[in-house]
Amino acid sequence: MFEGIIPALVTPFKENFEVDFEGIAKNLDYLEKHVDAVVPAGTTGESATLSYQEHIEIVKYVCEVSNVPVIAGAGSNSTREAVFLGKEVEKAGADAAMFITPYYNKPNKEGLYQHYKKIAEELSIPIIIYNVPSRTACNITPDVVSRLARDFDNIVGIKEASGNLKQVAEIIRTTPDNFTVLSGDDFLTLPILTLGGKGVVSVAANVAPHLMKEMYLAFKEGNLKKAVELHYKLMPLFEVLFIDTNPIPVKKALELMGLPAGKPRLPLVELDAEKTEKLKAVLQSLNLL
């Protein structure tokens, strides 16, 4: 459930910016033969602009229609709200829940420990920490991760998007063998696999799930040469999907491919014409258009 290629799902919207549930189902149809799990209502799913009701309805719907395990986004910068969302996605049928580090608050190490401790004590399903300092202004360090992993059996992994391979290696070195480290950056998927990571929670897998899975399987089968070739083949996609704030480019990519996406909700706006042309060129080079 917690290894392999795991797309962080976009939330498709209709023209009136209501959630497009049929669109979610169509995107799952595109993904499911290639991926190992999915993450609905995470940050790529625009959780910051979803109401609590929408957030829970999306998770519940994905749990009902998905043929792969569901790791629900459930984080908040309020521990009380994170626990509330965690309990709701648990009731909705999620197989696990992912909790971003508290953004804006900038808690110290003990505050981070107590945040996840409270969540772990309140939930029964497995918990995955999500570390993305570039978006949260908060970095959970290896010593805190190791302490949590050893103290709570239901804290089972981390999505690591610090971009710091030394930090990733230290987390892998100091946590129990059954603790799962997942890359949170597509471009670091292969390097993190070589360090002992188990997969990726991916933006690019929304667009090219087959190529991401091919790279992962090549590595798992010991064919490092092929895995490296696929890594470099995918590098332009990894780069162009962050030519603007995520998920602006990935939503435009899905739209160009004829898959449901819709415009992002304000304060995010859709990709401009110049950047769209760059995105289109990369998609064409990978035979995705």
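Before reading on, note that the structure itself is shown above.
Residues numbered from 1 in each chain as written. Predicted model: local features only at pLDDT ≥ 70, side-chain atom pairs only at ≥ 80, totals over all residues. Heavy atoms only, no water.

A.B. asks: Lay out the overall build of the chain with the relevant residues and their values.
C.D. replies: Helix and strand counts for the chain come out as 12 helices and 7 strands. In terms of overall size, the chain behaves like a compact globule, its C-alpha atoms giving a radius of gyration of 18 Å where 289 residues would be expected to give roughly 19 Å. Projected onto the principal axes, the alpha-carbon positions of the chain cover approximately 50 × 45 × 35 Å. Going through the 289 residues of the chain one by one, you find that 55% of them count as buried. Sequence separation of at least 24 residues holds for 70% of the intrachain contacts in the chain that already meet a minimum separation of 6. Element-wise, carbon and sulfur atoms account for 49% of the exposed surface of the chain, whose accessible area totals about 12500 Å². Counting 30 positive and 37 negative side-chain charges, the chain places the averaged centre of each group 3 Å from the other. (Helix = DSSP H or I, 4+ residues; strand = E, 2+ residues; numbered from the N terminus. Rg over C-alpha atoms; globule rule 2.2 N^0.38 Å. Buried < 20%, exposed > 50% of the residue type's maximum accessible area, 1.4 Å probe, protein only. Contact = heavy atoms within 4.5 Å. Areas by Shrake-Rupley, 256 points an atom, 1.4 Å probe, with all protein chains shown as cover. Lys, Arg positive; Asp, Glu negative; His and termini not counted. Charge placed at Lys NZ, Arg CZ, Asp CG, Glu CD.)

A.B. asks: Residues and numbers for the pattern of salt bridges, please.
C.D. replies: All told, the structure shown has 17 salt bridges when counted by the stated rule. R147 is paired through a salt bridge with E110; the nearest N and O atoms lie 3.1 Å apart. Placement of the pair is R147 in helix α6 (residues 142–151) and E110 in helix α4 (residues 109–122), with a sequence separation of 37 residues. For K252, the salt bridge identified is with E255, shortest N-O distance 3.3 Å. A residue pair is termed a helical-turn pair when its members lie 3 or 4 positions apart in one helix, as K252 and E255 do in helix α11 (residues 248–256) at 3 residues. Judged by its relative accessible area of 39%, E255 falls in the partly exposed class. Three or more residues are tied together by salt bridges with common partners; here these are K252, E255, K263 and E270. (Salt bridge = Lys/Arg side-chain N within 4 Å of Asp/Glu carboxyl O.)

A.B. asks: Describe the sheet that holds strand β4 (residues 127–131), and please don't skip the residues or the numbers.
C.D. replies: Spatially, the 7 strands line up as an open sheet ordered β1-β7-β6-β5-β4-β3-β2, and their pairing is parallel. The sheet is open, and its two borders are formed by β1 (4–7) and β2 (71–73), each paired with just one other strand. The average angle at which neighbouring strand axes cross in this sheet is 30°, direction not considered. Direction of pairing for β1 relative to strand β7 (residues 199–202): parallel, over a ladder of 4 bridges. When the bridges of β7 are listed, I6 appears paired with V201. Docked against the sheet, helix α9 (residues 209–220) engages β1 and β7, running at close to 155° with respect to β1. (Pairing = 2+ DSSP bridges. Axes fitted to C-alpha atoms, helices over the stretch in contact; angles between N-to-C directions.)

A.B. asks: Describe the packing of aromatic side chains, listing the residues and the values that go with them.
C.D. replies: Tallied over the full model, the rule gives 3 aromatic pairs. Judged by centre distance (5.5 Å) and plane angle (65°), the rings of Y52 and F84 are edge-to-face. Of the two residues, Y52 is situated in helix α2 (residues 52–65) and F84 in helix α3 (residues 79–92); the sequence distance between them amounts to 32 residues. With a relative accessible area of 34%, F84 lands in the partly exposed category. The ring centre of Y113 lies 3.4 Å from the NZ or CZ of R147, which sits over that ring. Above the ring of Y130, the side-chain terminus of K159 is found at 3.9 Å from the ring centroid. (Phe/Tyr/Trp six-rings, centres within 6.5 Å; stacked < 30°, edge-to-face > 60°. Lys NZ or Arg CZ within 6 Å of the ring centre and 35° of its normal.)

A.B. asks: Run through the layout of surface pockets, naming residues and quoting values.
C.D. replies: Of the pockets and cavities examined, the largest pocket occupies roughly 900 Å³. Forming the boundary of the largest pocket are 44 residues, of which T43, S47, A48, I100 and R135 lie nearest the centre. Listed by contribution, the elements that provide at least two residues to the lining of the largest pocket are α2, α3, β3 (96–100), α5 (133–136) and β7. The element best represented in the lining of the largest pocket is α5, accounting for 3 residues. (1 Å grid on protein atoms, 1.4 Å probe; cavity = no way out; pocket = protein on both sides within 12 Å on 5 of 7 lines; lining within 4 Å. Points joined across faces, edges and corners; volume = space filled by probe spheres on them.)

A.B. asks: Quick one: what's the story with the nonpolar core, residue by residue and with numbers?
C.D. replies: Within the largest apolar cluster, 87 residues are counted, with the highest numbers of intra-cluster contacts made by V207 and L237. Ranked by residues supplied to this core, first place goes to helix α10 (residues 224–240) with 7 residues. Counting residues in each nonpolar core, the second largest holds 16 residues, with A37, V132, V156 and L182 among its members. (Core = buried A, V, L, I, M, F, W, Y, C linked by side-chain atoms within 4.5 Å.)

A.B. asks: With reference to specific residues and values, describe α9.
C.D. replies: Here α9 is 12 residues long and its end C-alpha atoms lie 16 Å apart, about the 16 Å a rise of 1.5 Å per residue gives. Tucked inside the fold, the buried residues of α9 contact β1, α1 (21–31), α8 (189–195), β7 and α10. G222 sits one or two positions beyond α9 and adopts a positive phi of about 85°. (Expected span 1.5 Å × (residues − 1).)

Treat this as a map of the structure, not an account of what it does.
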